[in-house]
Amino acid sequence: MTQLRDGPGIGAKAAVPAPVSAAFASAIGDYARVLRGQSLSVATLCDEVTTHWLQGASDLLADLDLLRADLDGLQGEAALRARVAAFTEATGAGLTGLMIEVQRQDMVRQMLETIARMADAIGALDLASLVASAEAAALPRLIVEDIAAGYVMAAQRQVQAAALHQASQDDGPAMELF
Amino acid sequence: MKNILLVDDSATVLASMRQVLERGGYAVEACTAPELALTRLNGGYRPDMVITDLNMPGMDGIAFITAARRLPPCRFIPILVLTTESGQVQRDRAKAAGATGWLVKPVAPEKLFDVLRQVLA
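S.K.: Could you give me a rundown of the pattern of salt bridges, with the residues and numbers involved?
M.R.: Residue and element names in this part refer to chain A. Going through the model one piece at a time under the given rule, you end up with 14 salt bridges over all chains. For Asp65, the salt bridge goes to Arg68, with nearest N and O atoms at 3.2 Å. Here Arg68 and Asp65 lie together in helix α1 (residues 18-73), a separation of 3 residues that amounts to about one turn. The exposure class of Asp65 is partly exposed, given its relative accessible area of 31%.

S.K.: Describe in detail the pairing of strand β5 (residues 101-104) of chain B, supporting the description with residues and values.
M.R.: Remember that side chains alternate between the two faces of the sheet whenever the strand is regular. Residue alternation in β5(B) divides its side chains into two sets, B:Gly101 and B:Leu103 and B:Trp102 and B:Val104, and both sets are buried. In terms of strand pairing, strand β1 (residues 175-177) of chain A meets β5(B) through 3 bridges, oriented antiparallel. Across the sheet, residue A:Leu177 finds its bridge partner in β5(B), namely B:Gly101. Direction of pairing for strand β4 (residues 79-83) of chain B relative to β5(B): parallel, over a ladder of 4 bridges. By the bridge assignment for β5(B), B:Thr83 is matched with B:Val104. Note on the crossover from β4(B) through helix α4 (residues 88-97) of chain B to β5(B): the handedness is right-handed.

S.K.: Got a sec to walk through the pairing of strand β1 (residues 3-7) of chain B? Specific residues and values, please.
M.R.: Residue and element names in this part refer to chain B. A large share of β1 lies buried, amounting to 4 of its 5 residues. Running through helix α1 (residues 11-23), the crossover from β1 to the neighbouring parallel element strand β2 (residues 27-31) is right-handed. Looking at chain direction, β1 and strand β3 (residues 49-52) are connected through 4 bridges and run parallel. Each residue of the ladder has a partner; that of Val7, found in β3, is Thr52.

S.K.: Give me the lowdown on the side chain of B:Thr84, citing residues and values where you can.
M.R.: Of note, B:Thr84 is situated in the loop between β4 and α4. The exposure class assigned to B:Thr84 is buried, which follows from its relative accessible area of 6%. Apart from the residues within four sequence positions on either side, B:Thr84 is in contact with A:Met107, A:Val152, A:Met153, A:Ala154, B:Val104 and B:Lys105.

Rules behind the numbers
Residues numbered from 1 in each chain as written. Chains lettered and ligands numbered in written order. Predicted model: local features only at pLDDT ≥ 70, side-chain atom pairs only at ≥ 80, totals over all residues. Heavy atoms only, no water. Salt bridge = Lys/Arg side-chain N within 4 Å of Asp/Glu carboxyl O. Helix = DSSP H or I, 4+ residues; strand = E, 2+ residues; numbered from the N terminus. Buried < 20%, exposed > 50% of the residue type's maximum accessible area, 1.4 Å probe, protein only. Pairing = 2+ DSSP bridges. Right-handed = clockwise from strand over helix to strand, strands pointing away. Contact = heavy atoms within 4.5 Å.

Here it is as structure tokens:
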């Protein structure tokens, strides 16, 4: 993360009254801590929900397998057996398909962790330094640029591009064999 | 039964992928870090395919592929990248490192199995 206080030309103390600077630092620090805490809590909740859900789906799939095995040993009533077999097959495929959705949860977790890192950077903003010059005032932009440089998924870049009215560079195919 | 080595730092992604692949008839070895996967490969484990995440703490997927390709027995094992990334620069890096293909998360089971059948044919 860029050290905003170490930017060029911002070493001199600006004419910001100490109480104002302190109030700003306190407020922005609280803001950043709350945002970070909320983001990471949501990420943890996502993980817990996904773990429970994954276990539940796994148990259901195991039950379906048992039912299917029991069905193979039953005699008579072919129509009913076929109907139950079709049900277990379709339900098993459905549950398996839902399991892959865990990948989306993992994307949510990573995006929330990025928000927490951005909160940390915002919390380090120092008003006295920022008002020292126009150049220094533009330094908070580095927060966005630094965070963007650390993006680990296309979805993050796409969201940022849309927010900043920029073109997205992530337009490759979802599957490609080299 | 074909063996697949899964590499991803997310325990939940590993768990879900393991379930999906095992139900598709594949045997799965899962590693939460590329370094662990390399240890398994160095120890003689020979999967029919490797599926790796790209962005992981420590060694990333590109470095892992590069290291795996340096192991003579792993030179021709298909390695698929399964990632949330879709940028061309990263794809080109993966290709240059020796990746066989690129899948963007989330990937539906039937599409995943199509690719696996294609690559393992």
